[in-house]
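# Observations on chain architecture
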Amino acid sequence: MNRFADIVLAMGVSVLFCGAAPAHDMPDPVLNRSREMAAKYLDIKVAKAEGYQQLFECTTHDEHGTMGVHFIHPGRAGDGKLVLGEPDVLTYEPEADGSMQLVGMEYIVFEKDWKGKAVPEFLGRTLQRKTTVGIHPVDPYYELHVWHWRHNPAGMFADWNPYVSCEHDRS
């Protein structure tokens, strides 16, 4: 029993001195910078004021989880570029009180706008080619999800997150 008490005490001391970890505590300085630069969008009013527009209702999948409600910045999404401080899409989880909580974002580039010869790479990852957002068909594009504000057991760059819910979607 003393060993259990020692472990619990050590865990408490660790939290006291280290603090609670964010959803993804990453040592990668570029990813940390991406999260810092996009933190202003925690307030959805800021995102809307900068030109983000809701794309679809909350996007979910019966088996894999949820993406959330997509807010796209048309000017950024259609510029053919991937810019660290300018996410093309923000994903929010609808809350019971009607508010929206930022859970992730996407860097995207439409295939027709991509000038490179190879599939784009960004943040050390190769972007995925897509023709749908959930069940919604769209023009072919390349994308990279980044779950900065919600842990994803499937991985930080996975499409779907089982820890996000559409339960309170009012779209």
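About the criteria used
- The residue numbers shown here count from 1 along each chain, following its written sequence.
- Totals for whole chains, interfaces and linings use all residues, but because this is a predicted model, local features are given only for residues with pLDDT of at least 70 and pairs of side-chain atoms are given and counted only at 80 or more.
- For side-chain calculations, the full set of non-hydrogen atoms in the structure is used, while hydrogens and water are omitted.
- A simple rule labels every residue: compare its accessible area, found with a 1.4 Å probe on the protein chains alone, to the largest value its type can have, and call it buried under 20%, exposed over 50%, or partly exposed in between.
- Strands are runs of DSSP state E lasting at least two residues, helices are runs of H or I lasting at least four, and both sets are numbered from the N terminus onward.
- Pairing between strands requires that DSSP locate at least two bridges from one strand to the other.
- The term salt bridge refers to a side-chain nitrogen of Lys or Arg lying within 4 Å of a carboxyl oxygen of Asp or Glu.

Let us look at the pairing of strand 5 (residues 100–110). Most of strand 5 sits inside the fold, with ten of its eleven residues counted as buried. Sheet analysis places strand 4 (residues 89–94) next to strand 5, joined by six bridges and oriented antiparallel. The residue bridging E93 from the neighbouring strand is Q101, located in strand 5. Linking two consecutive strands that pair antiparallel, namely strand 4 and strand 5, is a turn of five residues; a positive phi of about 90° is found at G98 within it. Two strands pair when backbone bridges link them, and strand 5 and strand 9 (residues 136–146) are joined in this way by six bridges, in the antiparallel orientation. Bridging from a neighbouring strand, E106 pairs with H145 of strand 9.

Pairs can form between side chains of opposite charge whenever their charged atoms are close. Per the counting criterion, the structure on display carries eight salt bridges. When the shortest N-O distance is used, the salt bridge between K40 and E50 registers 3.1 Å. With K40 in the loop between helix 2 (29–38) and helix 3 (44–49) and E50 in the loop between helix 3 and strand 1 (53–54), the pair connects residues that are ten residues apart, well separated along the chain. With a relative accessible area of 41%, K40 lands in the partly exposed category. In this structure, the salt-bridge partner of E93 is R150, at a minimum N-O distance of 2.8 Å. Placement of the pair is E93 in strand 4 and R150 in the segment after strand 9, with a sequence separation of 57 residues. Looking at E93, the relative accessible area reads 8%, which means it is buried. For R150, a relative accessible area of 15% puts it in the buried group.

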